[in-house]
Amino acid sequence: MKQIAVFLANGFEEIEAITPIDVWRRAGFEVTTISIEDENIVTGSHQISIVADTTKKDFETKEFDLYFLPGGMPGARNLAASTFVSEQLKQAHQQGKHLAAICAAPLVLGQLGL
């Protein structure tokens with residue numbers, strides 16, 4: 001089974017996060033949503049809050065096949081400012097894992113030179 005990590009920051013674009021999570025789970029992938037905030041409740045750019053599976057402080061590294069970043073503003077900027085996200089993405093890249101970002105979130109990968 002494929003393992004997918006989805007990083008969520010306050011200000012994420014709801015449809016760019018929730019739709020892929022839903023489709024992947026329906027397809028049988030194991031998706032772990034990770035709040036980069038201190039709490040597991042993350043609020044999107046249109047004031048829709050969701051409960052993430054874990055937070056950065058409780059995150060346990062495991063073998064993910066794909067690391068995904070939803071866009072949205074200011075969510076993408078919040079992802080880009082997170083040292084936690086940067087460390088996870090750099091490590092995943094060094095291990096040859098897949099990285100994906102949608103809409104504004106590729107700025108995170110670009111900032112890291114990935």
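Not measured: the values here are computed from a predicted model.

### Comments concerning the sheet that holds strand S2 (residues 30–35)
Then step 1. Taken in spatial order, the 5 strands make up an open sheet running S5-S2-S1-S6-S7, and their pairing is parallel. Each edge of the open sheet carries a strand with a single partner, namely strand S5 (54–55) and strand S7 (98–101).
Then step 2. Here strand S6 (residues 66–69) runs beside S7; their pairing, made up of 4 bridges, is parallel. If you follow Phe68 over to S7, its bridge partner there is Ala100.

### A few points about helix H3 (residues 83–94)
Then step 1. Taking 1.5 Å per residue as the helical rise, H3 with its 12 residues ought to reach 16 Å, and the 16 Å between its terminal C-alpha atoms agrees with that figure.
Then step 2. Of the residues that open H3, the one with a side-chain oxygen 3.3 Å from the backbone nitrogen of Phe84 is Ser82.

### Description of the pairing of S6
Then step 1. The alternating pattern of S6 places Leu66 and Phe68 and Tyr67 and Leu69 on opposite faces, both of which are buried.
Then step 2. Where strand S1 (residues 3–8) meets S6, 3 bridges bridge the pair, whose relative direction is parallel. Counterpart to Ile4 in the pairing with S6 is Leu66.

### Thoughts on the nonpolar core
Then step 1. Residues Phe7, Leu69, Leu79, Val85 and Leu89 are the most contacted members of the largest nonpolar core, which totals 18 residues.
Then step 2. Where this core is concerned, the elements lending two or more residues are S1, S6, helix H2 (75–80), H3 and helix H4 (106–111).
Then step 3. The element that contributes the greatest number of residues to this core is H3, accounting for 4 residues.
Then step 4. Ignoring sequence-local partners within four residues, the contact set of Val85 consists of Phe7, Ile36, Leu69, Leu79 and Val108.
Then step 5. Core analysis: the next-biggest nonpolar cluster, separate from the first, contains 13 residues, Ala17, Ile50, Ala52 and Phe68 among them.

Here is what the cut-offs are and how they apply
Residues numbered from 1 in each chain as written. Predicted model: local features only at pLDDT ≥ 70, side-chain atom pairs only at ≥ 80, totals over all residues. Heavy atoms only, no water. Pairing = 2+ DSSP bridges. Helix = DSSP H or I, 4+ residues; strand = E, 2+ residues; numbered from the N terminus. Expected span 1.5 Å × (residues − 1). Polar contact = N/O pair within 3.5 Å; in protein donor to acceptor, adjacent residues only side chain to side chain. Buried < 20%, exposed > 50% of the residue type's maximum accessible area, 1.4 Å probe, protein only. Core = buried A, V, L, I, M, F, W, Y, C linked by side-chain atoms within 4.5 Å. Contact = heavy atoms within 4.5 Å.

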